[in-house]
Amino acid sequence: MTQRTTIQNDQRQPELINAKRNPYLVDYEEQLRIRRVENRDRRPKSQNKSAYVAAQRVRRKKIVRRQRLAVALWALCILILVMNLFIKNTKASAAAQENGPVSAESAEETIKQPEVVKIQGLPYKVYAEHPKWKEDFLTLNEYSRPGDVLEQVTNIFVHYTANQGTSAAQNRSYFEQQKDLHERSVSSHFIIGYEGEIIQCVPLDEIAYAVMTRNSDSISIECCYLAEDGSFTQETYDSLIGLLAWLVDAYDLDTEDILRHYDCGGKKCPLYYTENPEKWEQLKQDVNSQINK
């Protein structure tokens, strides 16, 4: 009985002879051991503890210095900005004291219409008062509109087209054709038709080919006509007087600065006013009266 009981008890005990440890558990325990060793090595030993503390102090000092430098740079930027604003305000106040008080109306006018704005070489206010005309500029070309700058205006020349019965538009087309025909170098800033219409062919800040020796400092006006003697219609005459008055005022000239083509070179142009010099004097008086209205 005793032997059987012993065998039964042995059968109930687990088999431990070939038991193996869990490999994952082995790895975890090995990692814990390694970390403990590393942490132990990091801790300062008694002999180098003072060196470790000194290194930590140096590190903290570096961090503090960097923080202070950043704060100083930030404060310097703020100081520069404030100084710039102060200087600008000081200059603005000095300018205001020098120029005197500025009304709201004048300030608004300056903003809307700055003096630097020019149209065809003239201040915008002066140009805006010109008589009614149609802009129909010639194509840039070497025969009728070279595009050269008209730097100054000392005289205004009056011409007649020498082509009886032709309109302002037809004479403008004749100027335009010269870029293709290459027959003549001819043009003018304005053409006035026999019905009083005005066509601008060349901008006022460019030269026109009208008076050979005076193109560089003059403005020229061509006038159409119907009469055999070259006299102008009343409509042409009225438009011419209005245009001359505006040009004389715009360029700060005098009526004596209005010339016939005849006055520079002796060409009988405009024919009627070379044959009737008293009518020419009357024309200048009419321009003067128009200016003084």
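Calculation notes
- Residues numbered from 1 in each chain as written.
- Predicted model: local features only at pLDDT ≥ 70, side-chain atom pairs only at ≥ 80, totals over all residues.
- Heavy atoms only, no water.
- Patch = residues over 30% accessible without salt bridge, like charges linked within 9 Å, V, L, I, M, F, W, Y side chains within 5 Å.
- Areas by Shrake-Rupley, 256 points an atom, 1.4 Å probe, with all protein chains shown as cover.
- Salt bridge = Lys/Arg side-chain N within 4 Å of Asp/Glu carboxyl O.
- Lys, Arg positive; Asp, Glu negative; His and termini not counted.
- Charge placed at Lys NZ, Arg CZ, Asp CG, Glu CD.
- Helix = DSSP H or I, 4+ residues; strand = E, 2+ residues; numbered from the N terminus.
- Buried < 20%, exposed > 50% of the residue type's maximum accessible area, 1.4 Å probe, protein only.
- Pairing = 2+ DSSP bridges.
- Phe/Tyr/Trp six-rings, centres within 6.5 Å; stacked < 30°, edge-to-face > 60°.
- Axes fitted to C-alpha atoms, helices over the stretch in contact; angles between N-to-C directions.
- Parallel < 35°, antiparallel > 145°, perpendicular 65-115°, else oblique.
- Left-handed = near helix turned anticlockwise from the far one by under 90°.
- Contact = heavy atoms within 4.5 Å.
- Nonpolar A, V, L, I, M, F, W, Y, C, P; charged D, E, K, R; others polar.
- Core = buried A, V, L, I, M, F, W, Y, C linked by side-chain atoms within 4.5 Å.

Undergrad: So, a negative patch on the surface: which residues are in play, and what are the values?
TA: Taken together, the side chains of Glu-195, Glu-197, Glu-235 and Asp-238 make up a negatively charged region of the molecular surface. Along the chain, Asp-238 falls in helix H7 (residues 234–250).

Undergrad: Could you give an account of the pairing of strand E4 (residues 155–160), with specific residues and numbers?
TA: Among the 6 residues that make up E4, 6 are buried, leaving the element largely enclosed by the rest of the structure. Side-chain alternation along E4 places Asn-155, Phe-157 and His-159 on one buried face and Ile-156, Val-158 and Tyr-160 on a second face that is also buried. Two elements, E4 and strand E7 (residues 218–223), share 6 bridges in a ladder whose sense is parallel. If you follow His-159 over to E7, its bridge partner there is Glu-222. Pairing of E4 with strand E8 (residues 258–260), which is carried by 3 bridges, proceeds in the parallel orientation. Residue pairing across strands places Val-158 opposite Arg-260, the latter belonging to E8.

Undergrad: Give me the lowdown on unusual backbone geometry, citing residues and values where you can.
TA: Apart from glycine, the bulk of residues carry a negative phi angle, and the bulk of peptide bonds sit in the trans form. For the bond running from Cys-269 to Pro-270, omega is -5 degrees, close enough to zero to count as cis. Look at His-182: it is not a glycine, yet its phi comes out positive at around 60 degrees. Tracing the backbone through its elements, the reader meets His-182 in the loop between helix H6 (168–181) and strand E5 (190–192).

Undergrad: Break down the packing of aromatic side chains for me, citing the residues and quoting the values.
TA: Given two aromatic rings, one states the distance between the centres and the angle between the planes to describe the pair. Tallied over the entire structure, the rule returns 8 aromatic pairs. Measuring from centroid to centroid gives 6.1 Å for Tyr-127 and Trp-133, while their planes differ by 70 degrees, and the two rings are edge-to-face. Since its relative accessible area comes to 8%, Tyr-127 is described here as buried. With a centroid separation of 6.3 Å and 50 degrees between ring planes, the pair formed by Tyr-174 and Phe-175 is classed as tilted. Judged by its relative accessible area of 5%, Phe-175 is buried. Each residue in the set Tyr-127, Trp-133, Phe-190 and Trp-246 is aromatic and connected to the rest through ring pairs, giving one cluster.

Undergrad: Can you explain the packing of H7 against helix H9 (residues 277–291)? Please cite residues and give values.
TA: Helix-helix packing: each pair is described by the crossing angle between the helix axes and the interaxial distance. Look at H7 against H9: their axes get within 9 Å of each other, and the N-to-C directions meet at 60 degrees. It follows from the interaxial angle that H7 and H9 lie oblique. The two elements H7 and H9 cross, and the hand of that crossing is right-handed. Along its contact with H7, which presents Tyr-237, Leu-240, Ile-241, Leu-244, Ala-245 and Val-248, the element H9 presents Gln-282, Leu-283, Asp-286, Val-287, Gln-290 and Ile-291. Here the residues of the contact of H7 with H9 sort into 9 nonpolar, 2 polar and 1 charged.

Undergrad: Give me the lowdown on the sheet that holds E7, citing residues and values where you can.
TA: Taken in spatial order, the 6 strands line up as E3-E6-E5-E7-E4-E8 in an open sheet, and their pairing is mixed. Here the strands that pair on one side only, and so sit at the sheet edges, are strand E3 (134–135) and E8. On the sheet, H7 packs against E4, E5, strand E6 (198–200), E7 and E8 and is oriented at approximately 170 degrees with respect to E7.

Undergrad: Describe the nonpolar core, listing the residues and the values that go with them.
TA: Counting residues in hydrophobic clusters, the biggest one holds 37 residues, and the most contacted among them are Ile-221 and Leu-247. Among the secondary structure elements, those contributing two or more residues to this core are E4, E5, E7, H7, helix H8 (271–275) and H9. Ranked by residues supplied to this core, first place goes to H7 with 10 residues. Ranked by size, the runner-up nonpolar core spans 10 residues in total, among them Leu-138, Ala-168, Val-186 and Cys-201.

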